[in-house]
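For reference, the chains in residue letters:
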Amino acid sequence: MSSESSKKRKPKVIRSDGAPTEGKRSRSDIEQEGKYYSEEAEVDLRDPGRDYELYKYTCQELQRLMAEIQDLKSRGGKDVAIEIEERKIQSCVHFMTLKKLNRLAHIRLKKGRDQTHEAKQKVDAYHLQLQNLLYEVMHLQKEITKCLEFKSKHEEIDLVTLEEFYEEAPPDISKVEVTTGDPHQQTLARLDWELEQRKRLAEKYRECLSSKEKILKEIEVKKEYLSSLQPRLNSIMQASLPVQEYLFMPFDQAHKQYETARHLPPPLYVLFVQATAYGQACDKTLSVAIEGSVDEAKALFKSSEDSQDDESDSDAEEEQTTKRRRPTLGVQLDDKRKEMLKRHPLSVVLDLKCKDDSVLHLTFYYLMNLNIVTVKAKVTTATELITPISAGDLLSPDLVLSCLYPGDHGKKTPNPANQYQFDKVGILTLRDYVLDLGHPYLWVQKLGGLHFPKEQPQHTVIADHWQSASHMETTMKLLKTRVQSRLALHKQFASLEHGIVPVTSDCQYLFPAKVVSRLVKWMTMAHEDYTELHFTKNIVEAGLAGDTNLYYMALIERGTAKLQAAVVLNPGYSSIPPIFQLCLNWKGEKTNSNDDNIRAMESEVNVCYKELCGPRPSHQLLTNQLQRLCVLLDVYLETESHDDSVEGPKEFPQEKMCLRLFRGPSRMKPFKYNHPQGFFSHR
């Protein structure tokens, strides 16, 4: 279209058979539209729904016309060009309609955006006004809070109650007629009464000071008398020494020991007092002694006092020495480490005697800067023991007390504050120093009255006598049990290494009279070697193979069959039973993963261990479990079905009496031994 026609264009009404009509307009409207035409004004007058129907209709007409043109072109002929031209004209008219509808849609979109923008500006304005009002409210609330929380100086004074004030105060101060209805005058009167009372108390305080001075003078006179009395008492004690030795009443020795105990640090003092009391009341064989230099302990106490008094002088001297000579960083860290790990000069020694005349020597030390107690252990026996190869770690000072309580291996410091101290001097862990310093077991801290709570760490931990007394008896019994069980294992291992499973007469009834399978090897193994065995993976994955346990390998043979038994021995043996994992090499390799009967054999020794405990304190549990394994291997081999195609006698003839050889689809063998009948049955 040209520009002139676009300025004066008039809306055209396209009439067709199926087209929706736009409605009839009056002549005056047409004339007014001819004078001024605006599509933006037309948008308000038109219905979007009807425009959408017109758009769909127009699109359909265009499709129809295009299809007809395509049909006419394909048909060909003389009159086709005229019909095609007519349809092109109709298509152009429809295109004009689509363009108009497009412009109207864009105008509607613009108007919608403008309306949305205006509404959004109004909302933002209202939101800003709301924020201003909220800020003003918050400011007013803060001011109100300040006013309500204002405290005057007189509120800090703890005044007497109103009832006491009106009862005790004289009328010239209380002024009942004035102060009853006026809170301000009432407060002033109470303050006057408080001042009057304090003046009286100050006068009384001066009188008490004068009487105190008189009493102090009397005390000095009595001290002089007592100091002159001490030499006389000493001479009397010296004269009575022969009598004490004759009557076995070493009062003088006990007195000297208690004098030495005065210089012990608080945790060791608590340990000394409670251990001495326990020995006198419950265990006469327990001996308690103090070792170390008393002079060094006194000098240490004096130097700590002098260092507090002369702190400023030492700082000045340190500055002068650092200016003259600066040691290397490594030397400084070594000195700091030695100072941090320094032990108190005095130590407490406990000698715990057992029934077989074996003695457990415990030496307790106190690390002053770390505020923890450590212990070193040593076991001595009445007769010299021949140490088997596999029993090397049983009585080792580093392992004999490990895990006395579950999880207490003594390799870490129980004081949470020590880790921050270690970071300052470059110490990664206390594990590297326990051989020299001793093990800081948790039960050692409790015997010293120390408790380090993990939930609410305390700045200063004070030694508590009740803490020590509540754990003393239980710990002493556990220590005796540990030594006795280790000595019993020590003797048993000597027999096991020679292929002999020692079974006491009290436990003979647990096994049949004839056991053919025999133990041929008993050896210790490392934790890493145990974890690499393919038939111990389930124990490792269950977390039952910790690095604090002891590990052994037993080999049981009968004929061509060889049974390997990997044993996990917990430090708490025999209250915690050993764990066996089996691997049978006979006609292939059989473990609990591919043979249900091997799993049943493991269950017999691991689950039904209570039948094998024997008389208390159950020190024969391990050897009884090994003997039971020999019996189980006999039953396993003797009940195995014989191959009829092989000529000759059976390799393992049945010698055990069994009610049923197999049971169930898994063909489980009878492993339960019934005494005194002497037959085997299923569980």
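Residues numbered from 1 in each chain as written. Predicted model: local features only at pLDDT ≥ 70, side-chain atom pairs only at ≥ 80, totals over all residues. Heavy atoms only, no water.

## So, a nonpolar patch on the surface
A cluster of nonpolar side chains, namely Leu 140, Ile 144 and Leu 148, defines an oily patch on the protein surface of about 340 Å² accessible area. Tracing the backbone shows Ile 144 in helix α5 (residues 80-149). (Patch = residues over 30% accessible without salt bridge, like charges linked within 9 Å, V, L, I, M, F, W, Y side chains within 5 Å. Areas by Shrake-Rupley, 256 points an atom, 1.4 Å probe, with all protein chains shown as cover. Salt bridge = Lys/Arg side-chain N within 4 Å of Asp/Glu carboxyl O. Helix = DSSP H or I, 4+ residues; strand = E, 2+ residues; numbered from the N terminus.)

## Some remarks on the packing of helix α4 (residues 48-75) against α5
The contact between α4 and α5 brings their axes to 9 Å, and the two run at 155 degrees. Taken together, the axis directions place α4 and α5 in an arrangement best described as roughly antiparallel. The hand of the α4/α5 crossing is left-handed. Residue composition of the contact of α4 with α5, grouped by class: 15 nonpolar, 5 polar and 8 charged. (Axes fitted to C-alpha atoms, helices over the stretch in contact; angles between N-to-C directions. Parallel < 35°, antiparallel > 145°, perpendicular 65-115°, else oblique. Left-handed = near helix turned anticlockwise from the far one by under 90°. Nonpolar A, V, L, I, M, F, W, Y, C, P; charged D, E, K, R; others polar.)

## Overview of the sheet that holds strand β11 (residues 672-674)
On the basis of which strands lie adjacent, the open sheet formed by 3 strands has the order β10-β12-β11 and mixed pairing. With one partner strand each, in any of the chains shown, β10 (657-658) and β11 form the two edges of the open sheet. (Pairing = 2+ DSSP bridges.)

## Focus: the pattern of salt bridges
Taken as a whole and judged by the stated rule, the model has 29 salt bridges. Measuring nitrogen to oxygen at the nearest pair gives 3.1 Å for the salt bridge that ties Glu 42 to Lys 100. Within this pair, whereas Glu 42 is found in helix α3 (residues 39-45), its partner Lys 100 is found in helix α5, the two being separated by 58 residues in sequence. Each member of the pair, Glu 42 as well as Lys 100, is classed as buried. In the salt-bridge network here, residues are joined through shared partners; they are Glu 42, Arg 46, Asp 51, Lys 100 and Arg 108. (Buried < 20%, exposed > 50% of the residue type's maximum accessible area, 1.4 Å probe, protein only.)

## Some thoughts on unusual backbone geometry
A negative phi holds for most residues other than glycine; trans holds for most peptide bonds. Arg 616 connects to Pro 617 through a cis peptide bond whose omega is 10 degrees. Position of Pro 617 relative to the elements: it lies in the loop between α22 (596-606) and α23 (621-638). Each neighbour pair has its own omega, and for His 675 with Pro 676 the value is 5 degrees, a cis peptide bond. Locating Pro 676 in the fold gives a position in the loop between β11 and β12 (679-681). In the Ramachandran plot, Ser 618 falls in the positive-phi region, its phi being about 60 degrees despite a non-glycine side chain. Within the secondary structure, Ser 618 is located in the loop between α22 and α23.

## Remarks on the nonpolar core
Grouped together as the largest cluster of nonpolar side chains are 52 residues, with contacts concentrated most on Leu 350, Leu 360, Leu 362, Phe 364, Leu 401, Trp 443 and Leu 479. It is helix α12 (residues 266-281) that contributes the most residues to this core, 6 residues altogether. In this structure, Leu 569, Ala 600, Tyr 636 and Phe 680 belong to the second largest nonpolar core, which totals 48 residues. (Core = buried A, V, L, I, M, F, W, Y, C linked by side-chain atoms within 4.5 Å.)

## Structural notes on the sheet that holds strand β7 (residues 561-569)
Here 5 strands make up an open sheet; going across it, the order is β5-β6-β7-β8-β9 and the pairing antiparallel. One side of each edge strand has no neighbouring strand; the edge strands of this open sheet are β5 (518-525) and β9 (589-590). Inspection of the sheet shows β5 paired to strand β6 (residues 550-558) by 7 bridges, in the antiparallel sense. Opposite Leu 519, over in β6, you have Ile 556 as the bridge partner. Each of β5, β6 and β7 is contacted by helix α19 (residues 465-496), which is oriented at about 125 degrees to β5, the strand it contacts most. On top of the sheet, α22 reaches β7, β8 (579-585) and β9; it is set at about 150 degrees to β8, its chief contact. (Contact = heavy atoms within 4.5 Å.)

## With respect to the pairing of β7
Burial within β7 is extensive, with 7 of its 9 residues counted as buried. Where β6 lies against β7, 9 bridges are found, and the strand directions are antiparallel. Paired with Leu 555 across the two strands is Gln 564, which belongs to β7. Counting the residues in the hairpin turn of β6 and β7 gives 2 residues, including Gly 559, whose phi is positive at 65 degrees. Taken together, the 7 bridges between β7 and β8 define a ladder with antiparallel strand orientation. Bridge pairing links Lys 562 to Asn 585 in β8.

## Remarks on the confidence of the model for the protein
Segments scoring low in pLDDT should not have their predicted coordinates read at a detailed level. Residues of the protein with pLDDT of at least 70 account for 87%, and the chain-wide mean is 84. Across the protein, element-level confidence peaks in β8 with a mean pLDDT of 95 and bottoms out in helix α1 (residues 3-7) with 39. Residue range residues 1-24 is modelled with pLDDT below 50. Its contacts to residues more than four positions away, or to other chains, number 20 contacts. (pLDDT = per-residue confidence, 0-100.)

## Some thoughts on a negative patch on the surface
Taken together, the side chains of Asp 79, Glu 83, Glu 85 and Glu 86 define an acidic patch exposed on the protein surface. Residue placement: Glu 85 occurs in helix α5. (Lys, Arg positive; Asp, Glu negative; His and termini not counted. Charge placed at Lys NZ, Arg CZ, Asp CG, Glu CD.)

## Re the side chain of His 490
With respect to the helices, strands and loops of the structure, His 490 is situated in helix α19. Residue classification places His 490 among the buried residues on the basis of a relative accessible area of 3%. For His 490, the contacting residues outside a window of four places in its chain are Leu 385, Ile 386, Thr 387, Pro 388, Ala 391, Leu 394 and Leu 395.

## Side note on the packing of aromatic side chains
For any pair of aromatic rings, the description consists of the separation of the ring centres together with the inter-plane angle of the planes. For the structure on display, the rule yields 9 aromatic pairs. Against the face of Phe 662 rests Arg 667, its NZ or CZ located 3.9 Å from the ring centre. Positioned above the aromatic ring of Tyr 636 is the side chain of Lys 669, whose terminal nitrogen or guanidinium carbon lies 5.0 Å from the ring centre. (Phe/Tyr/Trp six-rings, centres within 6.5 Å; stacked < 30°, edge-to-face > 60°. Lys NZ or Arg CZ within 6 Å of the ring centre and 35° of its normal.)

## Focus on the environment of Glu 296
Residue position: Glu 296 is located in helix α13 (residues 294-309). Residue classification places Glu 296 among the partly exposed residues on the basis of a relative accessible area of 48%. Sequence separation between Glu 296 and Leu 346 is 50 residues; the distance between their C-alpha atoms is 8.5 Å.

## Here's the deal with the packing of α19 against α23
At their nearest, the axes of α19 and α23 sit 10 Å apart, and the two run at 30 degrees to each other. Between α19 and α23, the interaxial angle falls into the category roughly parallel. Residue-level inspection shows Leu 489, Gln 492, Phe 493 and Leu 496 of α19 in contact with α23, the latter providing Leu 622, Thr 623 and Leu 626. Considered class by class, the residues forming the contact of α19 with α23 number 5 nonpolar, 2 polar and no charged.

## Concerning empty space enclosed by the protein
One pass over the full model with this rule turns up 1 cavity of 30 Å³ or more. Estimated volume of the largest cavity: approximately 40 Å³. Together, Asp 393, Leu 399, Ser 402, Arg 486, Thr 548, Leu 550 and Pro 571 line the largest cavity. Formed jointly, the lining of the largest cavity draws a minimum of three residues from each of two domains, domain 3 (263-301 + 330-454 + 465-483) and domain 4 (499-642 + 650-681). (1 Å grid on protein atoms, 1.4 Å probe; cavity = no way out; pocket = protein on both sides within 12 Å on 5 of 7 lines; lining within 4 Å. Points joined across faces, edges and corners; volume = space filled by probe spheres on them. Domains from an automatic or database assignment.)

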